[in-house]
Amino acid sequence: MLTPDQATKLSENEDVVSVFESRMNRLHTTNSWKFLGIDSIPQYNKLPKDIQSDVIIGVIDSGVWPESQSYNDYGLGPVPARFKGECVSGQNFTRYNCNRKLIGARYYSKGFEAVNGPLESFKQTFFRSARDSEGHGTHTSSIIVGSKVSNVSLYGLGSGTARGGVPSARLSVYKPCWFDECTDADILAAFSDAIHDGVDIISLSLGQGPPQQIYFEDAMAIGSFHAFQKGIVVSASAGNSFFAETATNVAPWILTVGASTVDREFPSYLLLGNLKQLKAFGVNTKPDQGKQYSLISGGDAAASRIPSRNASFCKKNTLDSNSIKGRIVVCILEELSDDRYEKLTAVEEGGGVGMILVDPLAKYILRQSVIQSVLIGEAEAEELHKYMKTEKNPTARIYLTVTNVGIKPAPAMGVFSSKGPNVITPDIIKPDITAPGVNILAAWSPVSTARTAGININYNILSGTSMSCPHVSAVVALLKSVHPYWSPAAIKSAIMTTATNTDNTQNFIRNDDSTNATPFDYGSGHINPAAAIDPGLIYDYGTNNLIDFLCSYGASVAQLKNLTGTPVYCKNPPTPSYNFNYPSIGVANMSRKLSVYRTVTYVGEGPTVYYSKLEAITGVRTSVYPNVLRFSKSGEKLTYRIDFVPYKSSNGSFEFGSLTWRNDVHLVRSPIAVNVISV
């Protein structure tokens, strides 16, 4: 703990790499692997088990519930000899909680307690160890490495076999997060240990709220840069902040993940007294009484001296129990961050038999409740209010929740998924990729009841970029198994350039609210594991390229030292930022004709020819030279140039296109985003 004056004085010491304030970060809060076609990848499935199980994934999160069946180590061989980590003992956790799947576990609390005081002062359930009391870390890690567990569901919903993307991989957990929050200081300590322990991949389902900090003062950016230098791929969630320019973890050495739907949903239909059926969402699994109940809005059931508007939010002590007894209460949100469980409790304690909550996140929040409850979107809310206004005695019936598979269109972007453009280095399109992150069933900590209406469960359904990130981490593990010597940049390129930008109706991916989506929503597209294994071409880069890129944005020697730990200097003049060899192509400030260069490495077999196809960009004429790439052998590198000639300003917004290289087998696609500021 330092005062500002002490921090300044310490930073002047030449032996100190950097000094910056430790900020707080938040956790970014099954069928998905079938949707991704993970079992139909011959290059991976034909690998010997010892090669498949040699990949080690480090998960920085809220810990692990080691007794979950998702961590059973049946069929796994000895722990890889190169692993240097350990199973740190602590409260309700010993080295015997680790096995041949869960091979390492550490925890960090000094940074958190320096800011917030002792963990005990929170008066909440926790374990001073790597044991997970919140469920988040168990959920994310089991998405990656979970062993196959049959007959898993949430109260019968999503029933089937739960599994991770790479059940044969090894897991090492690092717990810097307590009560959903994690400090920079603890996160950097976790990064340091994970790198030392010898993990191949770091999965990071957490981050700061927007706005994104500059990379030189951001723990995730600094930690992941050091990981990149050691050949470790870092996959991180983009965040759940809804709006443009809110994506976090956007450094170009991080694989940044947005969240999208799968072809499964859990509707709980609402039948109105006029026989109109509305689509709603919830977890209603108790025997259906088949009864219609009287409806009342929270605003019409205000307790004494409570304004109608306040009562409409259905918060504690705002509802009149005589008015809501035996009725279904219609509630609204005051803020998106409202506690939904508090509203349920208020209705239940007042004698209500059910709750209908108008919530733009309706399909993304599934929680069991003591009384019947559903969430509805804005369109359904309009129908409901219209009915309640015209009907003297409105009634409704809440049906049991069902599992629907084969939903179209899918994927669609979750409305909550944080979006670009990148506010720090706008020539880098972020997020990089999207993956399943809506209503994902995975393992859970049975003592965590904050998201389960006070009910103990072993598996839970959650939504968020926290869920999509581990899907990508698992695909990285697949690639690492098949291509153990590929660089982090090569693996990232393979995932990005093979992604799909269409859904299961063969139309372009849209947002879940039916608005058009762009690369600032989904990056290069939806992850395609089978194609990523064999990408054809890759865009590679190393640490020196990253330094050149940061120099192009005016990084100082002191800032670069914060990141690298050693003095480095910029060449003069620096390479233009848009010429950084990234798999996507961005030009954030275009005012004249310019050329963008990229170098691709051929990773196929035998001679081949790739042909280019440019998707038109509004207001810009484009051409590529050469428009044909001829490779004679694997490992060969060729450079191409794209010429941009702007003829119309884009009025402060980006326009999009793409470049695809195609041979007889492969499609290698790069999205393009340009902002023409003047012509």
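Given the structure is predicted, the values throughout are model-derived calculations rather than measurements.

**A closer look at the sheet that holds strand β26 (residues 585-590)**
Then step 1. Read across the open sheet, the 5 strands follow the order β26-β33-β32-β28-β30; overall the sheet is mixed. A single partner strand is all that each edge strand has here, and the edge strands are β26 and β30 (628-631). Mean inter-strand twist for the sheet, computed between neighbouring axes without regard to direction, equals 20 degrees.

**Observations concerning the state of the cysteines**
Then step 1. On inspection of all chains with the given rule, the structure shows 4 disulfides.
Then step 2. Across the disulfide from cysteine 314 sits cysteine 331; the S-S distance is 2.0 Å. Measuring handedness by torsion sign, the sulfur bridge of cysteine 314 and cysteine 331 sits at about -90 degrees and is left-handed. Pair noted here: cysteine 314 is in the loop between α9 (308-312) and α10 (321-324) and cysteine 331 is in strand β17 (residues 328-332), with a separation of 17 residues, a long-range link. For the pair formed by cysteine 314 and cysteine 331, the shared burial category is buried.
Then step 3. Covalent S-S linkage joins cysteine 551 and cysteine 570, the inter-sulfur distance amounting to 1.9 Å. Across the disulfide from cysteine 551 to cysteine 570, rotation about the S-S bond amounts to roughly -85 degrees, and the bridge is consequently left-handed. Of this pair, cysteine 551 sits in helix α17 (residues 543-552) while cysteine 570 sits in the loop between α18 (557-564) and β26, placing them 19 residues apart in sequence.
Then step 4. Shown here for the chain is a disulfide pattern of 1-2, 3-4, 5-6, 7-8, where each number marks a bonded cysteine counted in sequence order.

**Concerning the sheet that holds strand β31 (residues 637-646)**
Then step 1. The strand order across the open sheet formed by 4 strands is β25-β27-β31-β29, and the pairing between neighbours is antiparallel. Looking at which strands have only one partner, the edges of the open sheet turn out to be β25 (537-538) and β29 (620-625).
Then step 2. Of the pairings in the sheet, the one linking β29 to β31 comprises 6 bridges and is antiparallel in character. Note on β31: the bridge partner recorded for serine 623 is aspartate 643.

**Things to note about the pattern of salt bridges**
Then step 1. Here the structure, examined in full by the defined rule, presents 21 salt bridges.
Then step 2. We note a salt bridge from glutamate 265 to lysine 279, for which the minimum N-O separation is 2.4 Å. On the criterion of sequence distance, the pair formed by glutamate 265 in strand β13 (residues 264-265) and lysine 279 in the loop between β15 (277-278) and β16 (293-297) is long-range, its members being 14 residues apart.
Then step 3. Ionic pairing is found between aspartate 548 and lysine 571, a salt bridge with its closest N-O pair at 3.5 Å. Linking aspartate 548 in helix α17 with lysine 571 in the loop between α18 and β26, this pair joins segments that are 23 residues apart in sequence.

**Side note on unusual backbone geometry**
Then step 1. Omega for the bond connecting glycine 420 with proline 421 falls within 30 degrees of zero, at 5 degrees, which places this linkage in the cis form.
Then step 2. Among the structural elements, proline 421 can be located in the loop between β21 (404-405) and β22 (433-436).
Then step 3. Note that the residue after asparagine 572, namely proline 573, is joined by a cis bond; omega there is 0 degrees.
Then step 4. Counting through the fold element by element, proline 573 comes out in the loop between α18 and β26.
Then step 5. Although it is not a glycine, lysine 123 sits at a positive phi angle of roughly 55 degrees.
Then step 6. Mapped onto the fold, lysine 123 is located in the loop between α5 (110-116) and α6 (136-145).
Then step 7. The phi torsion at leucine 275 lies on the positive side, around 70 degrees, for a residue other than glycine.
Then step 8. Mapped onto the secondary structure, leucine 275 falls in the loop between β14 (270-272) and β15.

**Digging into helix α8 (residues 219-229)**
Then step 1. Summarising burial for α8: 9 of the 11 residues are buried, a large majority.
Then step 2. If you check which residues of α8 are buried, you get Ala219, Met220, Ala221, Ile222, Gly223, Ser224, Phe225, Ala227 and Phe228.
Then step 3. Residue glycine 231 follows α8 closely and has a positive phi angle near 80 degrees.

**As for α6**
Then step 1. Within α6, 10 of the 10 residues are buried, leaving the element largely enclosed by the surrounding structure.
Then step 2. Among all positions in α6, only His136, Gly137, Thr138, His139, Thr140, Ser141, Ser142, Ile143, Ile144 and Val145 are buried.

**Describing the packing of aromatic side chains**
Then step 1. On inspection of all chains with the given rule, the structure shows 19 aromatic pairs.
Then step 2. Grouped by ring-pair contacts, the aromatic residues Phe228, Tyr541, Phe549, Tyr553, Phe580 and Tyr582 constitute a single cluster.
Then step 3. Over the ring of tryptophan 65 we find arginine 131; its NZ or CZ atom is 4.5 Å from the centre of that ring.
Then step 4. Arginine 131 extends its terminal NZ or CZ atom over the ring of phenylalanine 127, reaching a point 5.9 Å from the ring centre.

**Here we look at the environment of proline 167**
Then step 1. With respect to the element layout, proline 167 can be found in the loop between β5 (157-162) and β6 (170-175).
Then step 2. Accessibility expressed as a relative area gives 22% for proline 167, which makes it partly exposed.
Then step 3. Sequence-wise, proline 167 and glycine 652 are 485 residues apart; in three dimensions their C-alpha atoms are separated by 46 Å.
Then step 4. Discounting chain neighbours no more than four positions away, the residues touching proline 167 are Lys101, Val145, Gly146 and Ser147.

**Some details on the layout of surface pockets**
Then step 1. Here the second largest pocket is characterised by a volume of approximately 770 Å³.
Then step 2. As for the second largest pocket, its lining consists of 28 residues, of which Val19, Phe20, Glu21, Ser22 and Ala185 are closest to the centre.
Then step 3. Every element with two or more residues in the lining of the second largest pocket is listed here: α1 (4-11), α5, α7 (184-197), α8 and α18.
Then step 4. The greatest single-element share of the lining of the second largest pocket, amounting to 6 residues, is contributed by α7.
Then step 5. A class-by-class count of the residues in the lining of the second largest pocket yields 16 nonpolar, 10 polar and 2 charged.

**A closer look at empty space enclosed by the protein**
Then step 1. Of the volumes computed, that of the largest cavity is approximately 100 Å³.
Then step 2. What lines the largest cavity is a set of 11 residues, and nearest its centre among them are Arg340, Leu344, Arg367, Ser373 and Leu375.
Then step 3. Within the residue set of the lining of the largest cavity, elements represented by two or more residues are α11 (340-349) and β19 (372-376).
Then step 4. Among the elements that take part in the lining of the largest cavity, α11 stands out by supplying 3 residues, more than any other.
Then step 5. Looking at the lining of the largest cavity, its residues break down into 6 nonpolar, 3 polar and 2 charged.

**Notes on the packing of α17 against α18**
Then step 1. At a closest axis distance of 11 Å, the pairing of α17 and α18 adopts a crossing angle of 145 degrees. As α17 runs across α18, the sense of the crossing is right-handed. Side by side, α17 and α18 meet where Ile547, Leu550 and Cys551 of the first sit next to Leu560, Leu563 and Thr564 of the second.

**Comments concerning the side chain of aspartate 503**
Then step 1. If you trace the backbone, aspartate 503 turns up in the loop between α14 (488-497) and α15 (519-522).
Then step 2. One buried charge, aspartate 503, has no salt-bridge partner; the nearest side chain with opposite charge is arginine 510, at 7.0 Å.
Then step 3. In terms of polar contacts, aspartate 503 uses its side chain to reach the side chain of threonine 505, at 2.6 Å.
Then step 4. Residues in contact with aspartate 503, not counting those within four places in the same chain, are Pro409, Ala410, Pro411, Phe508 and Ile509.

**What about the UniProt feature "active site" (unreviewed entry) in the chain?**
Then step 1. When the UniProt feature table is mapped onto this chain, "active site" (unreviewed entry) is found at Asp61, His136 and Ser466. For this annotated set, covering 406 residues, all C-alpha atoms fall within 9.9 Å of each other, a compact arrangement in space.
Then step 2. Looking at where histidine 136 falls in the secondary structure, it is placed in helix α6.
Then step 3. Here serine 466 lies in helix α13 (residues 465-482).

Calculation notes
Residues numbered from 1 in each chain as written. Predicted model: local features only at pLDDT ≥ 70, side-chain atom pairs only at ≥ 80, totals over all residues. Heavy atoms only, no water. Pairing = 2+ DSSP bridges. Helix = DSSP H or I, 4+ residues; strand = E, 2+ residues; numbered from the N terminus. Axes fitted to C-alpha atoms, helices over the stretch in contact; angles between N-to-C directions. Disulfide = S-S within 2.5 Å. Buried < 20%, exposed > 50% of the residue type's maximum accessible area, 1.4 Å probe, protein only. Salt bridge = Lys/Arg side-chain N within 4 Å of Asp/Glu carboxyl O. Phe/Tyr/Trp six-rings, centres within 6.5 Å; stacked < 30°, edge-to-face > 60°. Lys NZ or Arg CZ within 6 Å of the ring centre and 35° of its normal. Contact = heavy atoms within 4.5 Å. 1 Å grid on protein atoms, 1.4 Å probe; cavity = no way out; pocket = protein on both sides within 12 Å on 5 of 7 lines; lining within 4 Å. Points joined across faces, edges and corners; volume = space filled by probe spheres on them. Nonpolar A, V, L, I, M, F, W, Y, C, P; charged D, E, K, R; others polar. Left-handed = near helix turned anticlockwise from the far one by under 90°. Lys, Arg positive; Asp, Glu negative; His and termini not counted. Polar contact = N/O pair within 3.5 Å; in protein donor to acceptor, adjacent residues only side chain to side chain. UniProt positions renumbered as here; feature names shortened; annotations may be inferred.

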